[in-house]
Amino acid sequence: MTKYQLLTVLLLLFCLTPVRAEDGSRLWLRADASAQAKVTANKKSPTIDIAIKELQTNWHGDKVNLVIPAKAGIPSSAGLTKEGMTGEGYSITGDAKKGITISAFSEQGLLYGAYHLLRLQETGRVEYPLNIQESPQYNLRILNHWDNLDGTVERGYAGHSIWKWDELPNTISPRYKEYARANASIGINATVLNNVNASPKILTAELLEKVKAIANELRPYGIKVYLSVNFSSPAILDGLKTSDPLDKDVQGWWKNKVKEIYRIIPDFGGFLVKANSEGQPGPQDFGRTHADGANMLADALKPYHGIVMWRAFVYSPSNEDRAKQAYLEFMPLDGQFRDNVIIQVKNGPIDFQPREPFSPLFGAMKHTGVMAEVQVTQEYLGHSNHLAFLAPMWQEFLESDTYANGKGSFVANTISAIAGVSNIGDDINWTGSHLAQANWYAFGRLAWNPQLSSEQIADEWIRQTFSQDESFVEPVKTMMLNSWEAVVNYMMPLGLHHIFAVGHHYGPEPWGIIPGGRPDWQPWYFHNADTIGLGFDRSSTGSNAVSQYFSPLKEEFNDINTCPPPFLLWFHHVPWQYKLQNGRSLWDELCYHYDLGVQQVRDFQKVWDKQESYVDAERFQHVQSRLKIQARDAQWWKDACLLYFQEFSKQPVPYDIERPVNDLEQLKQVRLNISNYENASR
Ligand code: GCW
């Protein structure tokens, strides 16, 4: 063989290699930038320039025309009607011959339209003639980073923070733009850069210059920057005698601070506040209410159109059921908040557990803006080790009927914005594991349109991120769609909650005791296992948390016979021998769920192993290794929980399911060294 022939063979081999190595850094944005489309626009701006460039290099059609119609004459041919369309909406019309027109009332709308067109292409869904109109359901679709100024990330499992505070403002990481682009591609339009357990330092002049540098990078992509603030900032930063929201000097301090912020960042979004929660300072320290505190900040922000997102995640060491506390504290304040305050409520009443019923505050606060907070980072769902595709969980939540205004009052329609606690870090693949990228993607897509099905979201994501081959798409999609329920099964089925190992929230510790810790930080507070049964009695004979829901839901939850099985142990202390509708006793049903969870993960391994030829080696092995960890952890969960609860039920594990393979005493010795829980709270 001549040298030339050898080279040809090698080249050929190289080209035939089905998939190339991938580190996951390109997320779902994998168009190959080889296109040469002709793109025109009737306006010029940095945002429109991005839309033009994206289409020029990635759109494999011919012509695209971007139009912002003059207010007076909206061309009906553009398919753009004002009705039902917000400033960020867009329309896409046209066909291959005539070319395509994207119209929008704003530059941002054009950018979203461009990304939508590319998404259609990358998922093989372009069908001519195009006639699409899209508008987001919520105007605020925001990520919340729990990133600390020292570079660590609370409950982050993807490395350190992407915000490099030490290098800013002089060094601008190229990742800021990539982050903005990824968010814009799925419609996310806002971000809170720092942890809700906020360092007052974020408001110093030095830090604000750094924030400005990030804001400059994100702005062309239509992403506004917000900050979490510490309520005691006036006292801590500038030595004021108090941070009392009714004190004139304190009010003046915030007014000046806000003025300073807007001088530096003219389109600053506003504040996110965790107050009087888990040790954070707040208005109650001065005998004032949440409304007093939020309104003071709202007044300072109002002239600049800024908003306050005030969190309802509050619970105090009292005898009251923790699940009831946010409602008890906030309902009396309904109607007292300024119109630029929005109450940020976690999806469930406790704390991002594997599965919770929706918080009763949704639909109940009728005179106050309410936004939902979901957790994209998997604090309670196996961190970045376990596959848990969360669109089905968020969908269950958003589709829950609150009955606030009669039947059909779905959570999705009771809220006016949605926040997701980010799972992003400086890992090369952004989210610690490749499949966890899908949760970032799903959050953005659902925040844009909560009616999208989990199935469609998974389908889109898989096609863009991995492959369009049906033999890959279908099994991987099914695996993803079942994955959250699998985690619920092997961790906390039937409404169990918060039986995690103390602090890191990763492994099981239903037996755990925090010496001297508050009762509602102890697992037994939540599971109440005894010789009679298992579960938290929140019915009218117990804590009566059911009373916080509207009828007929409260009656449905209250009755052990009608309570939906996924929430049975959330609302009831159920006798071990209680017969469920399927005829099994509680104990047996519990065993079957734990066992099913383990089997499901073993099946995920089989599904994934079959996909080797469709995926590059790097991502294939990475996912494979994570599933192995998940399979071991699922077994650990099952054995720990069943063997522990068996000490109370005194029943055998049904003989047709797999036997435990660990000993309880050994499992009790397991100590994990997981560092990502500064501020470890329960
Ligand atoms: O989920 C819990 C976490 C804390 C977190 C807190 C909150 C940021 O364990 O780490 O603190 O909720 O949402 O404020």
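Chemist: Now, about the site of the ligand: what can you tell me, with residues and values included?
Modeler: Taken together, 16 residues surround the ligand, and among them Glu 154, Lys 274, Arg 311, Lys 346 and Glu 379 come closest. A distance of 2.8 Å is found between an oxygen atom of the ligand and a side-chain nitrogen or oxygen belonging to Arg 155. Asn 197 places a side-chain nitrogen or oxygen 3.3 Å from an oxygen atom of the ligand. Considered on its own, the ligand offers 340 Å² of accessible surface; in the complex 100% of this is hidden by protein. Broken down by class, the residue content of the shell around the ligand amounts to four nonpolar, four polar and eight charged.

Chemist: Tell me about the sheet that holds strand 6 (residues 140–144), residues and numbers included.
Modeler: In spatial order, the strands read 6-7-8-9-10-11-12-13; together these eight strands close into a barrel with parallel pairing. On average, each strand axis in the sheet is tilted by 25 degrees relative to the strand beside it, whichever way the strands run. Bridge count for strand 6 against strand 7 (residues 190–192) is three bridges, and the pairing is parallel. Across the sheet, residue Leu 143 finds its bridge partner in strand 7, namely Thr 191.

Chemist: With reference to specific residues and values, describe the environment of Asp 559.
Modeler: Looking at the element boundaries, Asp 559 is found in the loop between helix 16 (553–558) and helix 17 (568–571). Separated by 12 residues in the primary sequence, Asp 559 and Phe 571 place their C-alpha atoms 9.1 Å from one another.

Chemist: Quick one: what's the story with unusual backbone geometry, residue by residue and with numbers?
Modeler: The amide bond that connects Leu 168 to the next residue, Pro 169, takes the cis arrangement and shows omega of 0 degrees. Following the sequence through the fold, Pro 169 ends up in the loop between strand 6 and helix 4 (174–185). With an omega of 0 degrees, the peptide bond running from Ser 551 to Pro 552 counts as cis. Its location among the elements puts Pro 552 in the loop between strand 14 (533–534) and helix 16. Its identity as a non-glycine residue notwithstanding, Arg 155 has a phi of 60 degrees, on the positive side.

Chemist: Which residues make up the packing of helix 13 (residues 454–465) against helix 14 (residues 470–491), and what are the values?
Modeler: One way to put it is that helix 13 packs onto helix 14 with a least axis distance of 9 Å and a crossing angle of 135 degrees. By the angle between their directions, the pair helix 13 and helix 14 is classed as oblique. Crossing geometry of helix 13 relative to helix 14 is assigned as right-handed. For the pair helix 13 and helix 14, contact is made by Ser 454, Glu 455, Ala 458, Asp 459, Trp 461, Ile 462 and Arg 463 and by Glu 470, Phe 472, Val 473, Glu 474, Val 476, Lys 477, Met 480 and Leu 481, respectively. For the contact of helix 13 with helix 14, a count of residues per class yields eight nonpolar, one polar and six charged.

Chemist: Account for the domain arrangement of the chain, with residues named and values stated.
Modeler: On domain assignment, one finds that the chain holds domain 1 (29–134), domain 2 (140–453) and domain 3 (490–536 + 573–680). Domain 1 puts 14 residues into the contact, and the matching count from domain 2 is 16 residues. Interface of domain 1 and domain 2: buried area, both sides summed, is about 1,300 Å²; carbon and sulfur atoms make up 51% of it. Among the residues of domain 1 in contact with domain 2, Leu 29, Tyr 112 and Arg 119 are the three that bury the most area, contributing 40% of the side total.

Chemist: Quick rundown of the confidence of the model for the chain? Include the residues and the values.
Modeler: Taken over all residues, the pLDDT of the chain has a mean of 94, while the share at 70 or more is 93%. Averaged pLDDT values for the elements of the chain fall to 54 in helix 1 (residues 3–16) and rise to 99 in strand 7. Note on residues 72–84: pLDDT under 50 across the span, and 26 contacts to partners over four residues away in sequence or across chains. Low pLDDT (under 50) marks residues 676–682, which in the prediction has 35 contacts with non-local residues, meaning those over four places away or in another chain.

Chemist: Go over helix 14, please, and point to the residues and values.
Modeler: With 22 residues, helix 14 ought to run about 32 Å at 1.5 Å a step, and its terminal C-alpha atoms sit 32 Å apart, in line with that. Maximum bend of helix 14: about 40 degrees, positioned at Ser 483.

Chemist: Residues and numbers for the pairing of strand 6, please.
Modeler: In terms of residue burial, strand 6 counts as a mostly covered element, since five of its five residues are buried. Side-chain alternation along strand 6 places Leu 140, Ile 142 and Asn 144 on one buried face and Arg 141 and Leu 143 on a second face that is also buried. Of the strand pairs in this sheet, strand 6 and strand 13 (residues 417–421) are connected by five bridges, and their pairing is parallel. Looking at strand 13, one finds that Leu 143 is bridged to Gly 420.

Chemist: Before we move on, can you summarise the packing of helix 2 (residues 46–58) against helix 3 (residues 107–122) with the specific residues and values?
Modeler: Contact geometry of helix 2 with helix 3 gives a least axis separation of 8 Å together with a crossing angle of 15 degrees. In terms of their interaxial angle, helix 2 and helix 3 are classed as roughly parallel. Taken as a pair, helix 2 and helix 3 cross one another with a handedness that is left-handed. Touching Thr 47, Ile 48, Ile 50, Ala 51, Glu 54, Leu 55 and Asn 58 of helix 2 are Glu 107, Gln 108, Leu 110, Leu 111, Ala 114, Tyr 115, Leu 117, Leu 118 and Gln 121, all from helix 3. Each residue belonging to the contact of helix 2 with helix 3 can be placed in one class, and the counts come to 10 nonpolar, four polar and two charged.

Chemist: Please provide a residue-by-residue account of the sheet that holds strand 2 (residues 63–67), values included.
Modeler: One open sheet holds the five strands; their spatial order is 1-2-4-3-5, and the pairing between them is mixed. A single partner strand is all that each edge strand has here, and the edge strands are strand 1 (38–41) and strand 5 (130–134). With strand direction ignored, the average angle separating the axes of adjacent strands in the sheet is 10 degrees. Pairing of strand 3 (residues 90–95) with strand 5, which is carried by five bridges, proceeds in the antiparallel orientation. The residue bridging Ser 91 from the neighbouring strand is Gln 133, located in strand 5. Along the sheet face, helix 3 touches strand 2, strand 3, strand 4 (99–104) and strand 5 and points at about 140 degrees away from the line of strand 4.

Rules and cut-offs
Numbering of residues starts from 1 in every chain and runs along the sequence as written. Only residues with pLDDT of at least 70 get local features here, since the model is predicted, and only at 80 or more are side-chain atom pairs given and counted; chain-wide, interface and lining totals rely on the full set of residues. Only heavy atoms go into the side-chain values, all of them from the structure, while hydrogens and water stay out. One heavy atom within 4 Å of a molecule or strand makes the whole residue count as near it. Here a polar contact means two N or O atoms within 3.5 Å. Within protein one must be a hydrogen donor candidate and the other an acceptor candidate, and residues neighboring in sequence count only if both atoms are side-chain atoms. Here the accessible surface of atoms and residues is derived via Shrake-Rupley with a 1.4 Å probe, and residues count as covered only by protein chains that are part of the display. By the convention adopted, Pro, Cys, Tyr, Trp, Phe, Met, Ile, Leu, Val and Ala count as nonpolar, Lys, Arg, Asp and Glu as charged, and the other residues, Gly among them, as polar. Note on pairing: DSSP must find at least two bridges between two strands before they are called paired. Numbering goes from the N terminus for both helices and strands, where a helix is a DSSP run of H or I of at least four residues and a strand is a run of E of at least two. The axes are straight lines fitted to the C-alpha atoms, using for helices just the contacting stretch, and the angles between their N-to-C directions are given from 0 to 180°. Roughly parallel means an angle under 35 degrees; roughly antiparallel means over 145; roughly perpendicular covers 65 to 115; every other angle is labelled oblique. Handedness of a crossing is defined here by the sense of rotation of the near helix relative to the far one, left-handed for an anticlockwise turn of less than a right angle and right-handed for a clockwise turn. Throughout, a contact is declared for two residues whenever any of their heavy atoms are within 4.5 Å. All the domain ranges listed were derived from an automatic or database domain assignment. Here the buried area means the combined drop in accessible surface, using a 1.4 Å probe, for two parts upon being joined, counting both sides. Per-residue confidence from the prediction method is given by pLDDT, with values spanning 0 to 100. To estimate how far a helix should extend, the number of its residues minus one is multiplied by 1.5 Å. The term bend refers to the angle at a residue between two fitted axes, each drawn through seven residues, those ending there and those starting there. Partly exposed describes any residue whose relative accessible area lies between the buried limit of under 20% and the exposed limit of over 50%, with all areas from a 1.4 Å probe on protein chains only and scaled to the type maximum.

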